Amino acid sequence: MLTIWGRKNSSNVMPVLWTADELGLAYDHKMVGGSFGGIDTDAFRAMNPNMRVPVLQDGDFVLYESNAIVRHLARAHGHGSLMPDSLHDQAHADQWLDWHKTTLTGPMIDLFWRTVRCQPDQRNPDLIAQAKGATEKALSLLDAHLACRDFMVMDRLTIADIPLGTLIYRYYNIQVDHQDFKNIKAWYARLQDRPAYRRNVMIPFGTTLAEWDELERSLV
Ligand SMILES: N[C@@H](CCC(=O)N[C@@H](CS)C(=O)NCC(=O)O)C(=O)O
């Protein structure tokens, strides 16, 4: 039996839960990290010395790094669905998974921490504007890529859509003015048609640190 470790409101855990759900996998879920704790233990450190979620455990096999877990689940269970068939499509999916981590995640998470996960009196409008500008610079490129396709790679949902689709929910639910990205919006609507996206990604996170904490406590 697979075990997925990590709190449901983490943008790194969500892609793993969404992938497992799309593939119809059975798994045991351990809500650890954040206010749930459980990652500062010898047992958890033995699985992930970074003391970060998510972690996938399958008997003696243990894997950390969210995008590596998404790739592994799709390789093991998702040929013909989440894992593209051809080497070229697989390479393009890898390209977008790397782009997600190296280009979009930094500014997007910066924007998130400077708005939602920051005490209201500590918010710095200049730094928020800077993070929003950097996020939208990256998103302009994503919008251009989506101009002539329905999904990131191929004509169906693949692993390339999953971590990026997770961050897009964050972007549209942070209380800032949103740039009018027509192609991203259409793709986001396509993702929202999927029950597994709604179940695993569209989890309200509030607009303030107090709301974030309260919503985290209400997760089961
Ligand atoms: N590169 C790692 C980053 C993992 C990470 O930073 N996870 C955060 C949650 S988003 C974490 O574990 N924070 C500590 C906590 O939740 O207690 C991955 O993609 O898996």
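The rules we used
Residues numbered from 1 in each chain as written. Predicted model: local features only at pLDDT ≥ 70, side-chain atom pairs only at ≥ 80, totals over all residues. Heavy atoms only, no water. Helix = DSSP H or I, 4+ residues; strand = E, 2+ residues; numbered from the N terminus. Rg over C-alpha atoms; globule rule 2.2 N^0.38 Å. Buried < 20%, exposed > 50% of the residue type's maximum accessible area, 1.4 Å probe, protein only. Contact = heavy atoms within 4.5 Å. Pairing = 2+ DSSP bridges. Right-handed = clockwise from strand over helix to strand, strands pointing away.

## As for the overall build of the protein chain
For step 1, the next point in the chain: When you go through the protein chain residue by residue, the secondary structure sums to nine helices and four strands.
For step 2, the next point in the chain: Its C-alpha atoms give the protein chain a radius of gyration of 17 Å, within 12% of the compact-globule value 17 Å for 220 residues.
For step 3, the next point in the chain: With the C-alpha coordinates of the protein chain rotated into their principal frame, the extents come out at 45 × 45 × 30 Å.
For step 4, the next point in the chain: The 220 residues of the protein chain split such that 48% are buried.
For step 5, the next point in the chain: Looking at the protein chain alone, contacts between residues at least 24 apart form 70% of all its contacts between residues at least 6 apart.

## Quick look at the pairing of strand β1 (residues 2-5)
For step 1, the next point in the chain: Here β1 shows no split at all, with L2 and I4 on one side and T3 and W5 on the other all buried.
For step 2, the next point in the chain: The pairing of β1 with strand β3 (residues 55-58) spans four bridges and is antiparallel. Looking at the pairing, I4 lines up with L56 of β3.

## Observations concerning the pairing of strand β2 (residues 27-30)
For step 1, the next point in the chain: Inspection of the sheet shows β1 paired to β2 by four bridges, in the parallel sense. For L2, the partnering residue across the bridge sits in β2 and is Y27.
For step 2, the next point in the chain: Where the polypeptide runs from β1 across helix α1 (residues 13-22) and back to β2, its parallel neighbour, the crossover connection is right-handed.

## Here's the deal with α1
For step 1, the next point in the chain: Counting buried residues along α1, eight of its 10 residues qualify, which places the element largely inside the surrounding structure.
For step 2, the next point in the chain: Taken residue by residue, α1 has V13, M14, P15, V16, L17, W18, T19 and A20 as its buried positions.
For step 3, the next point in the chain: On its buried face, α1 sits against β1, β2, α3 (66-77), α6 (162-172), α7 (182-192) and α8 (195-200).
For step 4, the next point in the chain: G24 lies just past α1 and shows a positive phi near 65 degrees.

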